[in-house]
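# Structural description and commentary
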Amino acid sequence: KKSRIALDVGADAVFFNNPYLPMTRSEAAIPLMIRNKVLGILDIQSDKPQAFSLEDLDILETLADQVAIAIENARLFGAAQARTREFTTLLEVSRNVASTLDLVPLLSLILQNLKQVVNYTGAAIATLEGDEFVLLDYNGPIGSTFIRQPQIRYTYGTPDYGSFTVALENSSSY
């Protein structure tokens, strides 16, 4: 990936005529790269022909390297924050599991904590008893009143609950 200067965009076959910058006469495009991976582009435009020199290109390439590092650092920081939230949630769930033997409030708390790290619409915890799933807790739009009805059961292997079945048959997440 190489930087590119168009000293006269009117004579440049590669130039994209930007409708938002119709007066552009010169353009410098410098890739933003980290470890041979393109993150984006630094694009500089001028309304004067032949506005950029090779010295300008050197400066812009140095700046582009710094911008790429800043973008990558911001991405890494965001990923680290997300992982911290995930680990904090797991720690909180572990503490709750260790501190109570009352299953119903514990499962509800687990699903609430999970919502902080996984943006779900609905989540359920069910056990497999014989050939039926017994719904223990649910958090989502149907509401807890529906779920709190005694022993809601779903027959294992029915098409309506295919994800449950596939996960168990494959012994992995669906």
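Whatever comes next refers back to the structure up there.
Residues numbered from 1 in each chain as written. Predicted model: local features only at pLDDT ≥ 70, side-chain atom pairs only at ≥ 80, totals over all residues. Heavy atoms only, no water.

### A word on the nonpolar core
Core analysis: the biggest nonpolar cluster contains eleven residues, these being Ala28, Ile30, Leu32, Ile34, Leu39, Leu42, Phe52, Leu57, Leu60, Ala64 and Ala68. Among the secondary structure elements, those contributing two or more residues to this core are strand S2 (26-34), strand S3 (37-46) and helix H1 (54-99). Those residues within four positions of Leu57 in sequence are excluded, and the remaining contacts are Ser3, Ile5 and Ile30. (Core = buried A, V, L, I, M, F, W, Y, C linked by side-chain atoms within 4.5 Å. Buried < 20%, exposed > 50% of the residue type's maximum accessible area, 1.4 Å probe, protein only. Helix = DSSP H or I, 4+ residues; strand = E, 2+ residues; numbered from the N terminus. Contact = heavy atoms within 4.5 Å.)

### Describing the packing of H1 against helix H2 (residues 103-117)
For any two helices packed against each other, one specifies the inter-axial angle together with the distance between the axes. As a packed pair, H1 and H2 sit with axes 9 Å apart at the nearest point and diverge in direction by 175 degrees. Taken together, the axes of H1 and H2 are roughly antiparallel relative to one another. Facing Arg85, Glu86, Thr89, Glu92, Val93, Asn96 and Val97 of H1, the residues of H2 in contact are Leu106, Leu109, Ile110, Asn113, Leu114, Gln116 and Val117. (Axes fitted to C-alpha atoms, helices over the stretch in contact; angles between N-to-C directions. Parallel < 35°, antiparallel > 145°, perpendicular 65-115°, else oblique.)

### Considerations on the pattern of salt bridges
Scanning the model with the defined rule gives three salt bridges in all. The shortest N-O distance in the salt bridge between Lys48 and Asp47 comes to 3.5 Å. Asp47 sits in the partly exposed class, given a relative accessible area of 49%. Between Arg83 and Glu86 there is a salt bridge, with its nearest N and O atoms 2.8 Å apart. Of the two residues, Arg83 and Glu86 both sit in helix H1, three residues apart, roughly one turn of that helix. (Salt bridge = Lys/Arg side-chain N within 4 Å of Asp/Glu carboxyl O.)

### Looking at the side chain of Ser26
Mapped onto the elements of the fold, Ser26 is located in strand S2. Here the side chain of Ser26 touches Lys48 through a polar contact of 2.6 Å, landing on its backbone oxygen. Separated by 2.8 Å, the side chain of Ser26 and the backbone nitrogen of Gln50 make a polar contact. With residues near it in sequence (within four places) discarded, Ser26 still touches Ala6, Leu7, Val9, Ile44, Gln45, Ser46, Lys48, Pro49, Gln50, Ala51 and Phe52. (Polar contact = N/O pair within 3.5 Å; in protein donor to acceptor, adjacent residues only side chain to side chain.)

### Re unusual backbone geometry
Backbone geometry places Arg35, a non-glycine residue, at a positive phi of 45 degrees. Within the element layout of this structure, Arg35 appears in the loop between S2 and S3. Accessibility expressed as a relative area gives 67% for Arg35, which makes it exposed.

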